[in-house]
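# Notes for the structure review
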Amino acid sequence: MKLEIKTRLGGIAFTAEIECDSYAPYSTKLGLAVRAALEAKANLRGANLRWADLRGANLRGANLSDANLRGANLSDANLSSAELSEANLSGADLRGANLSGAELVATGNRKHLKTMQVDTWDIGYTHDTLQIGCQRHAIEKRKKWNTPAGRKWIDSMDEGALDWADKHLDLVLAMIDASPAEK
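Being a predicted model, the structure only gives us computed values, none of them experimental. (Residues numbered from 1 in each chain as written. Predicted model: local features only at pLDDT ≥ 70, side-chain atom pairs only at ≥ 80, totals over all residues. Heavy atoms only, no water.)

Another aspect to go through is the environment of G160. Its place among the elements puts G160 in the loop between α3 (148-155) and α4 (161-178). For the pair G160 and T120, spaced 40 residues apart in sequence, the C-alpha to C-alpha distance is 9.6 Å. (Helix = DSSP H or I, 4+ residues; strand = E, 2+ residues; numbered from the N terminus.)

See below:
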């Protein structure tokens, strides 16, 4: 059967030929179509993947920026190095998902991936990783920022990064401590 993966704006991102029982839930069919699209190296930027069943899917390096993944089941999925900028992950199940190297500045699911914007930069974090703008590092490394070596490291990132850190980084780290992402 053919299944169209629609964009958030109603266009067609990809048409997949899938083998699936016609009575299977749409979430299952959509998950199979996404797998077929990725196998074909399709760009799913802006795709409407709401409620897709992508349990255990290999989404490594996939361009899912601006995709609607609201309510998607991404448990145990490999999202390493995936482009998730501006993706909507509200209500998505990310338990056990591999997010290493993924672009984390997205609308998080408020559980495994949390996001905020503070002044100049968008911020995304998981249980162990913090991304501020394009810089992604372990949270524990960021906590050591206010040392001579740490300040030099922050200053080398971007013009104004050290001023931003002086003003906001302790607050961001306190917010992460107060509301940590789940593993």
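Read across the open sheet, the four strands follow the order β3-β4-β5-β6; overall the sheet is antiparallel. The open sheet has two edge strands, β3 (114-118) and β6 (135-138), and neither has a second partner. Geometrically, the sheet is characterised by an average inter-axis angle of 20° between neighbouring strands, direction not taken into account. Seen against the sheet, α4 touches β3, β4 (121-125) and β5 (129-132) and runs at an angle of roughly 35° to β4. (Pairing = 2+ DSSP bridges. Axes fitted to C-alpha atoms, helices over the stretch in contact; angles between N-to-C directions. Contact = heavy atoms within 4.5 Å.)

Working note: regular strand, side chains alternate between the two faces of the sheet. Residues T129 and Q131 point to one face of β5 and L130 and I132 to the other, with burial holding for every one of them. Sheet analysis places β4 next to β5, joined by three bridges and oriented antiparallel. Counted as the bridge partner of I123 is I132 from β5. Between β4 and β5, which follow one another and run antiparallel, lie three residues. Where β5 hands over to β6, the hairpin turn is made up of two residues, of which G133 adopts a positive phi near 60°. (Buried < 20%, exposed > 50% of the residue type's maximum accessible area, 1.4 Å probe, protein only.)

Relative to strand β2 (residues 12-17), strand β1 (residues 2-6) runs antiparallel, the two being bridged by five bridges. Within the sheet, the bridge partner assigned to L3 lies in β2 and is A16. Between the antiparallel neighbours β1 and β2 lie five residues, among them G10 with a positive phi of about 95°.

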